[in-house]
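Chain and residue survey
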Amino acid sequence: MASTASPLSKEPTAPPAPLLLEVRDLHVEFRTRDGIAKAVNGVDYGVRAGETLAVLGESGSGKSVTAQAIMGILDVPPGRITSGEILFHGQDLLKLKEEERRRIRGSGMAMIFQDALSSLNPVLSVGDQLGEMFTVHRGMSRKDARAKAVELMDRVRIPAARERVTQYPHQFSGGMRQRIMIAMAMALEPSLIIADEPTTALDVTVQAQVMDLLAELQRELNMGLILITHDLGVVADVADTIAVMYAGRIVEKAPVHEIYKAPAHPYTKGLLESIPRLDQKGQDLYAIKGLPPNLLNIPPGCAFNPRCPMAQDICRTDVPPLAKVTYEGLTAERRSACHFWKETLRG
Amino acid sequence: MAEPTAEPILEVRGLVKHYPLTQGIVIKRQIGAVKAVDGVDFDLGSGETLGIVGESGCGKSTVAKMLVNLERPTAGEIRYKGEDITRLSGRALKAVRRNIQMVFQDPYTSLNPRMTVGDIIGEPYEIHPEVAPKGSRRQKVQDLLDVVGLNPEYINRYPHQFSGGQRQRIGIARGLALRPEVIVADEPVSALDVSVQAQVVNLLERLQSEFRLSYVFIAHDLSIVRHISDRVGVMYLGRIVEVGSDAEIYEHPTHPYTQALLSAVPVPDPGAREHRERIILSGDVPSPANPPSGCRFRTRCWKARERCALEVPELAVPAEFRGLSGPAAHDSACHFAEEKHVVP
Ligand SMILES: Nc1ncnc2c1ncn2[C@@H]1O[C@H](COP(=O)(O)OP(=O)(O)O)[C@@H](O)[C@H]1O
Ligand SMILES: Nc1ncnc2c1ncn2[C@@H]1O[C@H](COP(=O)(O)OP(=O)(O)O)[C@@H](O)[C@H]1O
Ligand code: SF4
Ligand code: SF4
Ligand SMILES: [Mg+2]
Ligand SMILES: [Mg+2]
């Protein structure tokens, strides 16, 4: 009835594989009634085959917009990529024609959304939707595609796949629908998957099942996984690397173990201190004061400065670069966009 | 947190809510019932916070609505200071209702967008003018804004001019307007970002000691519930399956469902990955229209045996722990209760 799963641990990969995807200095704006909303303001991140990069940040920090730009599904207009590069297998996607991007979107990279019900077609059976991946992209016959659909449903452990393949999305529970989304994303065995809050809408026991499945498939297929989330617990469970976003920028990027041991950015530090813990009964929670900035009017200098307990004069004038963080014993790359990362690390 | 006293302010006994399931459009026939809440018992001590956790659909909101009289129970008692309020009506009911107020989950939809903040917070005074005569209301509302950390000058603004966290403060101010003794908070911080969540949780804790409030705090986030609660009840499919102090539930759970639930919560500590045991439950929660016989958890329980299908386990200290004084000796509705450490 229930099984006891081993933890989602991963061997540290010895020689770093080449970057599968690299986002360089990406800027995205939205034209709104009230002005230009600067949603993404110079994002840099990359992911390798077999790696899980968690993109962490509060709502409105630009996580989904960055993902939409990578996938080529940004709302244009009102959205607009004003500068930057998105290299996939070394090729800049922003220079490709729409047709070529569509091809990559099917077989090279795929996305899983939070809300499976609104991303699946309500009037097509799940078998037809899964099968379509193979008839459209692989030119398979309908019969073969149906067999593939059943195989995929088995693979994401949907019980009685052969019987349920003719059912419609609303006939499945939330967790089962998210499995179908995962099956769709995996159908053409892409090298990169972007999962945008894939378990946020699910209950905790179902969330655990779905994250387990995702991690297992990723390991099997050696895919790169960009996991977008606001949940510091989920990140600690599955990520190799974390990129923390604030007001459309990466403010800290680090191997997962390092960042939880000692954050190098005051925003990350504030987030870690503000969550209640399951494993201890704490005192008062630390609360980061104030609110994230209005994207129509981001403060000059460091965008976090009005909320930062460590802010100095320079923070109100100079934008901190995403600087390399170094210390004894650190082997992987680590970065922080804080003028005072050394002081922050020391606590 | 306020020191809880022995005297319960609320005693809930055998609380049941069945929603009829009907068929037919013109002539409706009842073909069954959704057993949303199906026999819930608990006490709330004066000044205490009782957390209620459980996955969606287990009946948490239905319990909350019955406590504040937004739903009428199908059966059972809700005693407020010893008096069963489910039997009251008219003036007596109105007087009691004043003392039990609710704070809702969604700060986006629970506030009327066409009313000013002042009107929203002051609305309860329309029903209970004895609490604040007309002339004093504006001042009372401004005091409430101040108490929840909002600028009293915002009294004429509309909800859309506020962030999610600020709207939740408005909802809390409204809940406090009638100076209640009990606040039922249904997922009050679930829709908020972590940094804002912490601000609101701290506010609720401060208000509790300032006004000597008793809280029923409902949430699906087990970490927040541990943080804020003195005692915790775990619900599954319309019933409470285990209840105890925070240490009893989190460090010495004896019910398999509680153990699975706790083990599935991701912990923000990557070091815990390697040596953590996770109990992954298979399958989905059964329909509350047709719950399993005996123990409702048996279709997903890895310890289920024949007895579990035949006998409903009662919520009491299990036989194997009866008479013992340790933290494992607390109420747990399982025939085969045993202690298991699952939180790292
Ligand atoms: N379709 C859109 N039209 C206008 N503004 C948008 C649109 N999508 C996103 N934005 C803006 O971009 C900001 C970042 O959004 P998003 O990337 O979705 O944040 P999150 O980190 O929560 O995923 C939003 O706060 C909003 O201002
Ligand atoms: N007005 C209603 N009519 C019929 N069923 C309802 C109604 N309200 C809630 N339910 C059902 O009762 C069960 C418990 O719901 P609820 O109390 O909202 O759970 P929770 O708050 O724990 O998520 C669910 O199965 C829900 O679908
Ligand atoms: S740069 Fe300054 S304001 Fe920004 S996080 Fe660092 S110390 Fe704080
Ligand atoms: S009574 Fe039986 S089925 Fe229910 S929780 Fe205990 S062991 Fe599992
Ligand atoms: Mg998003
Ligand atoms: Mg609810």
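Given the structure is predicted, the values throughout are model-derived calculations rather than measurements. Within any chain, residue numbers begin from 1 and follow the written order of that chain's sequence. Each chain gets a letter, beginning with A, and each ligand a number, beginning with 1, in the order they are written. In keeping with the predicted nature of the model, local features appear solely for residues at pLDDT of at least 70, side-chain atom pairs appear and are counted solely at 80 or more, and the whole-chain, interface and lining totals rest on all residues. Excluding hydrogens and water, the side-chain values take into account all heavy atoms of the structure.

**Quick word on the domain arrangement of chain A**
All names here are of chain A. For chain A, the assigned domains are domain 1 (1–108 + 190–286) and domain 2 (121–187). Where each domain begins and ends is defined by an automated method or by a domain database. Put simply, the middle of domain 1 and the middle of domain 2, counted by C-alpha atoms, are 26 Å apart. Whether two residues touch is decided by their heavy atoms; if any such pair falls within 4.5 Å, the residues are in contact. Taken together, the contact between domain 1 and domain 2 spans 17 residues of the former and twelve residues of the latter. A buried area of about 1200 Å², summed over both sides, lies between domain 1 and domain 2, and 67% of it is on carbon and sulfur atoms. Note: buried area is the sum, over both parts, of the accessible area (probe 1.4 Å) each one loses when the two are combined. When residues of domain 1 are sorted by the area they lose upon contact with domain 2, V210, L213 and L217 head the list and together hold 35% of the total. Every case where a carboxyl oxygen of Asp or Glu lies within 4 Å of a side-chain nitrogen of Lys or Arg is listed as a salt bridge. Linking domain 1 with domain 2 are two salt bridges. For R157, the salt bridge goes to E216, with nearest N and O atoms at 3.2 Å. Any pair of nitrogen or oxygen atoms within 3.5 Å is treated as a polar contact; in protein, a donor-acceptor pairing is required on top of that, and neighbouring residues in sequence qualify only through side-chain atoms on both sides. On inspection of domain 1 and its partner domain 2, the count reaches three residue pairs in polar contact (both at pLDDT 80 or more). Taken together, the elements giving at least two residues each to the side of domain 1 that touches domain 2 come down to α2 (98–107) and α8 (204–221). Runs of E in the DSSP output that reach at least two residues are strands. Runs of H or I that reach at least four are helices, and both are numbered from the N terminus.

**Observations concerning the site of ligand 1**
Residue and element names in this part refer to chain A. Close to ligand 1 lie 13 residues, the nearest being G60, G62, K63, S64 and V65. Backbone polar atom of G60 to an oxygen atom of ligand 1: 2.7 Å apart, as the coordinates give it. Contact distances for ligand 1 include 3.2 Å between an oxygen atom and a backbone N or O atom of S61. When ligand 1 sits alone it has 560 Å² of accessible area, and the protein chains cover 68% of it. Sort the elements by how many residues they give to the shell around ligand 1 and helix α1 (residues 63–71) lands first, with three residues. One heavy atom within 4 Å of a molecule or strand is enough for the residue carrying it to be called near that molecule or strand. For accessible areas, the Shrake-Rupley method is used with a probe of radius 1.4 Å. Any residue's cover is judged against the shown protein chains and nothing else.

**Here's the deal with the site of ligand 4**
Around ligand 4 sit H255(B), P256(B), C295(B), F297(B), R298(B), C301(B), K303(B), A304(B), C308(B), C334(B), H335(B) and F336(B), and that is every residue in its neighbourhood. Any residue outside Ala, Val, Leu, Ile, Met, Phe, Trp, Tyr, Cys, Pro, Asp, Glu, Lys and Arg is labelled polar, Gly included; the first ten of those are nonpolar and the last four are charged. Partitioned by chemical class, the residues of the shell around ligand 4 number eight nonpolar, two polar and two charged.

**Considering the pattern of salt bridges**
One pass over the structure, following the stated rule, counts 35 salt bridges over all chains. Across the salt bridge formed by R278(B) and D212(A), the nearest N and O atoms sit 2.5 Å from each other. Residue R278(B) is found in strand β11 (residues 278–281), and its partner D212(A) is found in helix α8; the two belong to separate chains. Between D43(B) and R13(B) there is a salt bridge, and its shortest N-O distance comes to 2.8 Å. Of this pair, D43(B) sits in strand β2 (residues 29–45) while R13(B) sits in strand β1 (residues 8–23), and the two are 30 residues apart along the sequence. The classification of residues rests on relative accessible area computed with a 1.4 Å probe and restricted to protein chains. Under 20% of the type maximum is buried, over 50% is exposed, and intermediate values are partly exposed. When its relative accessible area of 26% is taken as the criterion, D43(B) is described as partly exposed. One connected set of salt bridges, linked through shared partners, spans E22(A), R24(A) and E85(A).

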